[in-house]
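Observations on the three-dimensional arrangement
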Amino acid sequence: MTAPAEAPVLGLLDGRPLPRTGLDRRLAALRSGPRAAALPAPGSGEDRQLARWVAQVLLTEALCEAVAAERGLAVRPEAAPARLDQQAAVELGSITAAAYEGSAAVRAVCAEVTAGVEPSAAEVAHYRALTEGTERPPVAEWRLALPDGSVLDAAPDTLPLALSAALRAAAPGERVTAAGWTATRLATVPAAVPETDPSAVVRAAARRAAFVRWLDHARAGRLTLVPGLEHPGDPAQPDNHHRH
């Protein structure tokens, strides 16, 4: 639900206003970061949507910090960010995935509330039946350093052809530029040995789904949004241009 609010707040947690300063700092960091050129123009509808999205990430972090404190969970704020694979990020949704990657409290709460979730034998068998024979052979990946300072692992055949060829010809650690792409191959990551038992994959997916359900319920019961910082997907807010 949305409550009227005149003060510059991020939102309300259990009725307690949260200052907007955290949002302003996060947005300023994005504007001064290596991907600033990809952000929407300040003052545009897309820029307001970005603020709404970042606000929901911060509110999710604040909610989980409160839950972690209530449950006495061990949280290391200085812990390095996590990295989700594409499937996990899609299953969590972009807001929850961003909060999970950046906040140790979110990860601790996720582990706590989903610890008892186990897939049934039927669910594991169903997954095995659906995926048997569909697995691609494991492929070694390159660990690449990009100009913005980020590091990623990618299979050579998923890269632009010119960049892949240039990296293949270059020595490890040599920075190359091809067809407008620049990267440095730091190392080769050995191909992962495929799991013969899919239980871990099914369990991880089930726990992500359980966390999304738990988080949706907790948000609805404990968070109150304010005008201007509604959920970016809320069809009632003026900058939501997604129409069916």
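Summarised in this report is the structure supplied together with it.

1. So, the sheet that holds strand S7 (residues 223-224)
- Taking strand neighbours across the sheet as the criterion, the three strands line up as S2-S1-S7 in an open arrangement whose pairing is antiparallel. In the strand order of this sheet, the two ends are held by strand S2 (16-19) and S7, each with one partner.
- Across the sheet, helix H2 (residues 45-71) lies against strand S1 (9-13), S2 and S7, angled at about 35° from S1, the strand it touches most.

2. Topic: the sheet that holds strand S5 (residues 175-178)
- Judged by pairing direction, the sheet is antiparallel, and its four strands sit side by side in the order S4-S3-S6-S5 without closing on themselves. Edge positions in the sheet fall to strand S4 (151-154) and S5, since each has one partner strand and no second. Across the sheet, the mean angle separating the axes of adjacent strands is 40° when strand polarity is ignored.

3. Concerning the nonpolar core
- In terms of nonpolar packing, the biggest core is built from 36 residues, with Leu10, Leu23, Leu63, Val109, Phe211 and Leu229 touching the most fellow members.
- Of all the elements in the fold, those that place two or more residues in this core are S1, helix H1 (21-31), H2, helix H4 (94-102), helix H5 (104-113) and helix H8 (199-222).
- Among residues more than four places away in sequence, those in contact with Leu63 are Leu13, Leu215, Ala218, Arg219, Arg222 and Leu223.
- Membership of the second largest hydrophobic core comes to nine residues, among which are Leu144, Leu159, Leu167 and Ala170.

4. Some details on H8
- Across its 24 residues, H8 extends 34 Å between first and last C-alpha, which sits within 8% of the 34 Å expected from 1.5 Å per residue.
- Among the residues of H8, those classed as buried are Ser199, Val202, Arg208, Ala210, Phe211, Leu215, Ala218 and Arg222.

5. As for the packing of H1 against H2
- One way to put it is that H1 packs onto H2 with a least axis distance of 10 Å and a crossing angle of 125°. In terms of orientation, H1 lies oblique with respect to H2. Regarding H1 and H2, the two cross each other, and that crossing is right-handed. Residues Gly22, Leu23, Arg26, Leu27, Leu30 and Arg31 of H1 lie in contact with H2, whose contacting residues are Asp47, Leu50, Ala51, Val54, Ala55, Val57, Leu58 and Glu61.
- Residue classes in the contact of H1 with H2 are distributed as nine nonpolar, one polar and four charged.

6. Notes on the packing of aromatic side chains
- Taken as a whole and assessed by the stated rule, the structure comprises one aromatic pair.
- An angle of 10° between the planes, with centres 6.0 Å apart, marks the rings of Phe211 and Trp214 as stacked. Here Trp214 and Phe211 lie together in helix H8, a separation of three residues that amounts to about one turn.
- The exposure class assigned to Phe211 is buried, which follows from its relative accessible area of 0%.

Conventions used here
- Residues numbered from 1 in each chain as written.
- Predicted model: local features only at pLDDT ≥ 70, side-chain atom pairs only at ≥ 80, totals over all residues.
- Heavy atoms only, no water.
- Pairing = 2+ DSSP bridges.
- Helix = DSSP H or I, 4+ residues; strand = E, 2+ residues; numbered from the N terminus.
- Contact = heavy atoms within 4.5 Å.
- Axes fitted to C-alpha atoms, helices over the stretch in contact; angles between N-to-C directions.
- Core = buried A, V, L, I, M, F, W, Y, C linked by side-chain atoms within 4.5 Å.
- Buried < 20%, exposed > 50% of the residue type's maximum accessible area, 1.4 Å probe, protein only.
- Expected span 1.5 Å × (residues − 1).
- Parallel < 35°, antiparallel > 145°, perpendicular 65-115°, else oblique.
- Left-handed = near helix turned anticlockwise from the far one by under 90°.
- Nonpolar A, V, L, I, M, F, W, Y, C, P; charged D, E, K, R; others polar.
- Phe/Tyr/Trp six-rings, centres within 6.5 Å; stacked < 30°, edge-to-face > 60°.

Coordinates in, geometry out; function isn't part of it.
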